[in-house]
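Per-entry structural report
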Amino acid sequence: MIIDLSRARRARITGLTASAAAVVVLASGCGGSGSGSSSAPKEFSYLTNAENTTVKTALDTLSKNACKAQNQALPLKVDTVPQTSLDQKLQLLGGQNALPVQFAAGNAPALTDQLYKSGKVADLEKKLNELGVYDQIEPAAISTIKALYGGKVEVLPYEYNIEGIFYNKKLFSENGLSAPTTWDQLVSNAAKLEAKGIQPFSASGQQGWPITRLVSGYLYRSLGPDALKDVADGKAKLTDPKYVEAAQKVADLGKKGYFGKGVGSIDYDTSFNQFLTGKAAMFYMGSWALTNIADPKQNKVGAENIGFMPFPAVAGGKGSIDQYPSNVGLAMTLGAKTFDRKVGDWVTCIAKNYGSAALNGQGSISGFKTNTPVKDPNEITTQVRKTIGESKQNVLWFEALFSTKATTVSQTNAASLATGSISPQKFMQTVQDALSSS
C-alpha cells in the first residue's frame, strides 16, 4: 500500500490559547516530575481522550494477560480528558514538564511536532529499533505516520483506519436504493430517504470534523489527491471558487435537512447512536467504527445490515473513488525523558501483542502486526480489512495540514456551515484567514 498522506480522528477544540502562546508554553519549562524530569516513572501513566475507549480497554486487557509482568513492574494508570480539552491539557502539562509516560497526540499534528521539537516526545523510530520491535509495525502505518509528521515516527499506530460512508443496507433495500458511486446519486438517495421520513445522514456538529470531512471528500474527488496539499503549499486558497464549491455542496445537504434537526448540538456518541439504532441511513466515519458496530449493546441494526462505501465520485473530477482518507486514529505518543527500561518493556510487549488483542477483543484494526490467529467478528470487518489491504493511494482529511489555530476555527464553525448560519464563502474565508495568520 502506498500512502501519500493520512488522517486521524480530530475533534472540535475549545478553550485553546493562541498558537503563538502555545509555542511559548511548550518551549518554557516550569519544573515538575513528568516527561521533563529525570526521575524514573513509578507508573505507566497514560492520558487519553475520554471518547476513545478502544485503546484503554485493549491496554487494560494486555495488563492482565500478555503484559502482566510489565504491569506488575510499572502499573498502568489511565487518565482521561474530553477531546475538546486535550490540546489545552497537553500544552499545560508540556509547559510544566509534567507530561505522562504515554499520551494521546494533539488534535492537530502541529502540536505533537512542537512537543517533539522541544524534546518532550521520544524518537520512536530510534526507540523501537533499539528494542528490536520496529518491524512489528505495518509498513503502511509507518508510511502514514511519516507522511503526517514530517518524515518522523512521533506516534504509535494504536489504530489504522480508512474513512468512508457506512450505510444501513436494510433501509437502502427497503427503499429500492443501491450504494451510490457518484455525488449526484448520493444526493438523489438522500432526497428519496428524506421523502420517506428517514434522516439521510447522521453527523456530529458539536465535534465539527464529521462535517468538514465531507468538504475534503468532495475536494479530493473534484480536484484530486493534492487538493489540500496545494493549499498548504500556497498554490491554492480555500477561497478559490472550486474550493468554495465543496463547502457549498455540503451546505446544500444541511439546507435540505439531510442532517436532521439540531445537528449543531449533536455530539459524537449521539450521532453514533442515531445510526446504530436505525434513525439515520448514512454515517461518514472511519473504520474505528467497526468496534461500535461489533457491539450488540450499541448496534441495534445488526452488523449484517451495515455496509461500507467510499466517498462517491464527482462528475468530471480529477480524483478517484478508490483514494481513501487514511489515518492512525487519535495517535498515541510517549514522553522522551520518562522512556526508561521499564517503559521500554511495556512498549515491546505492546508492539508484539496489541494488534491481535485489539482485533480479537474489539474488532479494532491497528497498525501493529497480528501475531496470533484472528477471526473477524463480522462480514463488514472482513470487507474493510480487505479494502485497506487493496488500497493503493490514500489521501488527507480536511485539517491534516492545518495549524492548531486553523483546525480550531474549521471545526468550531463546521456546524454553522451545515445549519446555514454561515455561508460557504464565509466559512472558507474564515479558515483561510486562520491559516494565513498561523
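Every value quoted in this text rests on a predicted model; they were computed, and no experiment measured them.

Let's shift gears to the nonpolar core. Within the largest apolar cluster, 135 residues are counted, with the highest numbers of intra-cluster contacts made by Phe166, Leu238 and Tyr354. For this core, the element with the most residues is helix α15 (residues 341–362), which contributes 9 residues.

Here we come to helix α10 (residues 209–223). When the terminal C-alpha atoms of α10 are compared, their 20 Å separation across 15 residues agrees well with the 21 Å that a helix rising 1.5 Å per residue should span. When you tally the buried positions in α10, you get 14 out of 15 residues, the bulk of the element. Gly224, located one to two residues past α10, shows a positive phi value of around 105°.

Below, the discussion takes up the confidence of the model for the protein. Of the residues in the protein, 91% reach a pLDDT of 70 or more, and the chain-wide mean stands at 89. Confidence over residues 1–37 falls short of pLDDT 50; this stretch has 143 contacts with residues more than four positions distant or in other chains.

With that settled, consider helix α17 (residues 404–419). Between the first and last C-alpha of α17 there are 24 Å, a value that for 16 residues agrees with the 22 Å anticipated at 1.5 Å per step. The sharpest bend along α17 reaches about 35° and sits at Asn413. Of all 16 residues in α17, 12 are buried, a share of seventy percent or more. Immediately beyond the C-terminal end of α17, within one or two residues, lies Gly420, with a positive phi of roughly 90°.

On inspection of all chains with the given rule, the structure shows 12 salt bridges. We note a salt bridge from Lys152 to Asp113, for which the minimum N-O separation is 3.5 Å. One end of the pair, Lys152, is in the loop between α7 (139–148) and β5 (161–168); the other, Asp113, is in helix α5 (residues 109–117), and 39 residues separate them in sequence. Lys152 gets classed as partly exposed once you look at its relative accessible area, which sits at 22%. Given a relative accessible area of 16%, Asp113 falls into the buried group. A salt bridge links Asp376 to Arg385, with the shortest nitrogen-to-oxygen separation between them at 2.8 Å.

What follows covers the sheet that holds strand β4 (residues 102–104). Sheet architecture is open: 4 strands sit in the order β3-β2-β4-β10, paired in mixed fashion. Only two strands of the sheet have a single neighbouring strand rather than two, namely β3 (76–81) and β10 (332–334). Within this sheet the neighbouring strands show an average axis-to-axis angle of 20°, counted without direction. As judged from the 3 bridges shared by β4 and β10, these two strands associate in the antiparallel manner. If you follow Gln102 over to β10, its bridge partner there is Leu334. Where helix α4 (residues 83–95) meets the sheet, its contacts fall on β2 (44–49), β3 and β4, and the angle it forms with β2 comes to roughly 140°.

Bringing the side chain of Asn71 into the picture now. Mapped onto the secondary structure, Asn71 falls in helix α3 (residues 68–73). What Asn71 contacts, discounting residues up to four positions off in sequence, is Ser63, Leu76 and Trp346.

Scanning all chains against the criterion turns up 1 disulfide. The disulfide partner of Cys67 is Cys349, and the gap between their sulfur atoms is 2.0 Å. Between Cys67 and Cys349, the S-S torsion sits near -100°, and that sign places the bridge as left-handed. Here Cys349 lies in helix α15 and Cys67 lies in the loop between α2 (54–64) and α3, a separation of 282 residues in the sequence. Owing to a relative accessible area of 0%, Cys67 belongs among the buried residues under this scheme. For Cys349, a relative accessible area of 5% gives the class buried.

Next up on the list: the pairing of β2. Burial of β2 is extensive: 6 of the 6 residues sit out of reach of the surface. Of the two faces of β2, the one holding Phe44, Tyr46 and Thr48 and the one holding Ser45, Leu47 and Asn49 are both buried throughout. When β2 meets β3, the two strands line up parallel, connected through 6 bridges. Paired with Tyr46 across the strands is Val78, a residue of β3. Bridge count between β2 and β4: 2 bridges; the pairing is parallel. Bridge pairing in β4 places Tyr46 opposite Gln102.

Each regular strand shows side chains that alternate between the opposite faces of the sheet. Judged by how many residues are buried, β5 sits mostly within the fold: 8 of 8 residues are covered. The pairing of β5 with strand β9 (residues 323–327) spans 2 bridges and is classified as antiparallel. Across the sheet, Asn161 pairs through a bridge with Asn327, a residue of β9. Summarising the sheet, β5 and strand β7 (residues 280–286) pair through 5 bridges and their orientation is antiparallel.

Moving on to the packing of aromatic side chains. Each aromatic ring pair is described using two quantities: the centre-to-centre distance and the angle formed by the ring planes. The tally for this structure, following the rule as stated, stands at 16 aromatic pairs. Centre to centre, the rings of Tyr167 and Phe172 are 4.9 Å apart; their planes meet at 50°, and the pair counts as tilted. Each member of the pair, Tyr167 as well as Phe172, is classed as buried. Here the aromatic residues Trp209, Tyr268, Phe272, Phe275, Phe283 and Trp288 are joined through ring pairs into a cluster of three or more.

Among the secondary structure elements, Ser222 is positioned in helix α10. Relative accessible area serves as the criterion here: at 13%, Ser222 is assigned to the buried category. Of note is the side chain of Ser222, whose polar atom sits 3.3 Å from the backbone oxygen of Leu219.

Basis of the calculations
Residues numbered from 1 in each chain as written. Predicted model: local features only at pLDDT ≥ 70, side-chain atom pairs only at ≥ 80, totals over all residues. Heavy atoms only, no water. Core = buried A, V, L, I, M, F, W, Y, C linked by side-chain atoms within 4.5 Å. Buried < 20%, exposed > 50% of the residue type's maximum accessible area, 1.4 Å probe, protein only. Helix = DSSP H or I, 4+ residues; strand = E, 2+ residues; numbered from the N terminus. Expected span 1.5 Å × (residues − 1). pLDDT = per-residue confidence, 0-100. Contact = heavy atoms within 4.5 Å. Bend = angle between axes of the 7 residues up to and from the residue. Salt bridge = Lys/Arg side-chain N within 4 Å of Asp/Glu carboxyl O. Pairing = 2+ DSSP bridges. Axes fitted to C-alpha atoms, helices over the stretch in contact; angles between N-to-C directions. Disulfide = S-S within 2.5 Å. Phe/Tyr/Trp six-rings, centres within 6.5 Å; stacked < 30°, edge-to-face > 60°. Polar contact = N/O pair within 3.5 Å; in protein donor to acceptor, adjacent residues only side chain to side chain.

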